[in-house]
Amino acid sequence: MKITHLKAPLIILALLLILQSAILCVPKKEKIDTGEYSLAAQQRMFSQYGDFFCLSRQNDFFIIETNSDSISAAYEYTGIEKMDFAEPFIYGNYMYYITTENTQNYAVEYIARIDLTDKSSEMKLMTQGNANITSFTVFHNKIYYLVKENSDNGQTYNLYRRDMLTGAEKLLISGLNGNGDFLVKKEMVLAGSTAFYEEEDKTAVLFQNDSEQYFTTLGLWRNRYYCKRYSKENDRYEIYSYYLGDNRDNREKAEFVCTLPNSMCEYRMFEDRIFFMTNTAGNMLDYNYYDITKGEIINTAGENGRKNGFKCGDLPIADYDCAVFNDMFYAYYPNGTFTRISLSGAEYPESVLTTVSRQRPSGGFGEFYEWIDYSAYIGQENDSKTNAQNNVNIIAQDK
């Protein structure tokens, strides 16, 4: 009798164990922390997401991982052609970028991607060919990109959305003005003073513009949207914000935040700070940011600016860029140089990314990319110039 009474519970237990093992065998869906919003920024030299940070320059890039200061150079990734690389953007484990194919009549641009966790992965095209992709970003499983296209009225900027799972493509906003920066948040796309509401499938003016100068997107902080506009009267950029929540009393007006000094690079917003670079020290740049919560401009070198550091010389303004990663302020100079300083303290020396010669683990010496203090970098540069001059003298003596 006891055995008979135990049959039913045992059968149920066995079924539960089978069901549990079946559940454990089902692969877990990859969870991606998408963040609050995703920004499309023109002339982007840096990109960061999760554990990866990318530094890029013409036809070249470097990857730095969050938990390691080791640097992977472009040549370590076999699935990408360096000559067709621009505007990197990291999302999840992938790096997206613009690649170009030259046809018989014109150049065609695509958005492609590689897997950063697999250096032998092949490049994959994610969009159809377009003549001129101005900027793009990725949010969830969709790519949003702005294309400069020819029409009967001349050139127009049109913003598209492409579903990476289904391949479905849709024109969201046509005839955009501005320089191409926009952001995507849940159910909403913001480009300057224009908004596209995805659920309602409609475009609307977010707030009125009382100037002939266009608003350009900067970022989002605590449901407040930030953008900039050039002021001819002040010859400065003015920062405005617009609250995206319940704003009945001031629904169509953006609030003035501050006026910023002219920057050597695009203003870049990271959380509650807007970063920029100013040429206030002759031929050296100061690294600054506007603290939104404090309402003040902070110079990372202190009140008197930098007295020593990497020299910018007469390099063009348009090609600088800056970014923040692991509490470090990164800068890009148009001659291809990367520098960085700590945001935690002004005493931290500026360092420069360069090649150093050191022994390989397998034996012999090789060239490796490393960050070295500016003083050591200058010493290395001076040694190189001295060696080069000595070589010239030796050649002259041989003659």
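Parameters at a glance
- Residues numbered from 1 in each chain as written.
- Predicted model: local features only at pLDDT ≥ 70, side-chain atom pairs only at ≥ 80, totals over all residues.
- Heavy atoms only, no water.
- Phe/Tyr/Trp six-rings, centres within 6.5 Å; stacked < 30°, edge-to-face > 60°.
- Helix = DSSP H or I, 4+ residues; strand = E, 2+ residues; numbered from the N terminus.
- Buried < 20%, exposed > 50% of the residue type's maximum accessible area, 1.4 Å probe, protein only.
- Pairing = 2+ DSSP bridges.
- Axes fitted to C-alpha atoms, helices over the stretch in contact; angles between N-to-C directions.

A. Fine view of the packing of aromatic side chains. Scanning all chains against the criterion turns up 32 aromatic pairs. Aromatic side chains tyrosine 240 and phenylalanine 256 sit 5.7 Å apart centroid to centroid with 75° between the ring planes, which places their arrangement in the edge-to-face category. A residue pair is termed long-range when its members are at least 10 positions apart, and tyrosine 240 in strand S20 (residues 236–243) and phenylalanine 256 in strand S21 (residues 255–260) qualify at 16 residues. Classification of tyrosine 240 as buried rests on a relative accessible area of 10%.

B. Structural detail: the sheet that holds strand S4 (residues 60–65). Spatial ordering of the open sheet is given by S2-S3-S4-S5, a layout of 4 strands whose pairing is antiparallel. In this open sheet, the two edge strands, each paired with only one partner strand, are strand S2 (46–49) and strand S5 (71–73). Taken over all neighbouring pairs, the strand axes of this sheet differ in orientation by 20° on average, direction set aside. As defined by bridge partners, S2 adjoins strand S3 (residues 52–57) across 4 bridges and the pair is classed as antiparallel.

C. View of the pairing of S20. In the sheet, strand S19 (residues 224–231) pairs with S20 via 8 bridges, with the strands oriented antiparallel. Counterpart to lysine 228 in the pairing with S20 is isoleucine 239. Where S19 folds back onto S20 in an antiparallel hairpin, the turn is made up of 4 residues, including aspartate 235, whose phi is positive at roughly 50°. In the sheet, S20 pairs with S21 via 5 bridges, with the strands oriented antiparallel. Counterpart to isoleucine 239 in the pairing with S21 is cysteine 258.

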